[in-house]
Amino acid sequence: MVAADSSKAPMMSGNSKSLLVMFILFSLITATQYVAAIVAHSLALQADCASMAVDAISYLFNMAAECQADRSVRALLELVMSFVSLVLLSYFTGFFFVEAARAVGFLPSADGANEDTVDPALVLIFAGLGILFDMFSLFSYKVWHVDEPRSQNDTQAQRSNINMFSALLHVLADTARSTTTFVEGLILMNAPGLDSATIDGWCALIVCALIAIGVLGGAAKWCLELRAYLTTRHSIGPILLL
């Protein structure tokens, strides 16, 4: 009997463990924060939730890519995952940007649309939880992440390191968004006389702007990765021709 070739079998590396922790943490906080965002009438929390949901999906695909020893499969997974993430982030960012613009008066809104009062306690609690979960994610990255040694022409190790760096940037971006909503919660808690819906709208605009910056940077990186993928392959899979 011929022994099975285990060289291309999926493996749970330290990087994969780190991504698994990030996926679990982001999935938990996203599910609970979305409910809290609806109850608190907070657009900023809702926009942050949409981005975190996409981040969680990205970590899952990143983990699948990390477990692949086959270079072509890994590269294809990364390209597809990145494209889906960019499309989803663009849609959610545009949606919440319009809603936030209506909340602050940049765009007309329906009568009574902004009469709900934002609950500052819920905003503060879940912003703090978001920052705490980000710290746990960064800790798992510190404990399990290992840069793969590579030669000058070893593109597989290079892709793995870029893959993990991309995941790290997602966590840092979420920390910036959670810090924005945390500051919003502090302001509303200490100045209850302010128009909470308008303050929340402005914070939602900041959150959307942070997401948009990430989308633009990600789109530029995706184009470079696609170009590198196409120039290093002799044939193009049908999925890239759609």
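Residues numbered from 1 in each chain as written. Predicted model: local features only at pLDDT ≥ 70, side-chain atom pairs only at ≥ 80, totals over all residues. Heavy atoms only, no water.

## Re the nonpolar core
(1) Moving on: Of all hydrophobic cores here, the largest spans 22 residues; its most connected members are Leu43, Ala47, Leu89, Phe96, Ala204, Ile211 and Val215.
(2) Moving on: Those elements giving two or more residues to this core turn out to be α2 (43–66), α3 (71–104) and α6 (196–231).
(3) Moving on: Per element, the largest residue contribution to this core is nine residues, and it comes from α6.
(4) Moving on: Residues in contact with Ala47, not counting those within four places in the same chain, are Phe96, Val207, Cys208 and Ile211. (Core = buried A, V, L, I, M, F, W, Y, C linked by side-chain atoms within 4.5 Å. Buried < 20%, exposed > 50% of the residue type's maximum accessible area, 1.4 Å probe, protein only. Helix = DSSP H or I, 4+ residues; strand = E, 2+ residues; numbered from the N terminus. Contact = heavy atoms within 4.5 Å.)

## Concerning a nonpolar patch on the surface
(1) Moving on: Together, Phe97, Val98, Phe106, Leu107 and Trp202 line one region of the surface with nonpolar side chains, adding up to about 470 Å² of accessible area.
(2) Moving on: Mapped onto the fold, Phe97 is located in helix α3.
(3) Moving on: Phe97 gets classed as partly exposed once you look at its relative accessible area, which sits at 43%. (Patch = residues over 30% accessible without salt bridge, like charges linked within 9 Å, V, L, I, M, F, W, Y side chains within 5 Å. Areas by Shrake-Rupley, 256 points an atom, 1.4 Å probe, with all protein chains shown as cover. Salt bridge = Lys/Arg side-chain N within 4 Å of Asp/Glu carboxyl O.)

## Brief notes about the packing of aromatic side chains
(1) Moving on: Considering all chains together, one arrives at five aromatic pairs under this definition.
(2) Moving on: Arranged with centres 5.3 Å apart and planes meeting at 90°, the rings of Phe106 and Trp202 form a pair that is edge-to-face. Of this pair, Phe106 sits in the loop between α3 and α4 (120–144) while Trp202 sits in helix α6, and the two are 96 residues apart along the sequence.
(3) Moving on: Given a relative accessible area of 40%, Trp202 falls into the partly exposed group. (Phe/Tyr/Trp six-rings, centres within 6.5 Å; stacked < 30°, edge-to-face > 60°.)

## Quick look at the packing of α3 against α6
(1) Moving on: Packing of α3 against α6 brings their axes to within 8 Å, and their N-to-C directions diverge by 155°. Taken together, the axes of α3 and α6 are roughly antiparallel relative to one another. When you trace α3 past α6, the crossing you get is left-handed.
(2) Moving on: Within the contact of α3 with α6, the residues separate by chemical class into 24 nonpolar, seven polar and one charged. (Axes fitted to C-alpha atoms, helices over the stretch in contact; angles between N-to-C directions. Parallel < 35°, antiparallel > 145°, perpendicular 65-115°, else oblique. Left-handed = near helix turned anticlockwise from the far one by under 90°. Nonpolar A, V, L, I, M, F, W, Y, C, P; charged D, E, K, R; others polar.)

## Regarding the side chain of Thr93
(1) Moving on: The residue Thr93 is located in helix α3 in this model.
(2) Moving on: Residue classification places Thr93 among the buried residues on the basis of a relative accessible area of 11%.
(3) Moving on: Residue contacts for Thr93: discarding those within four places in its chain leaves Cys208, Ile211 and Ala212.

Nothing here speaks to function; it is geometry throughout.
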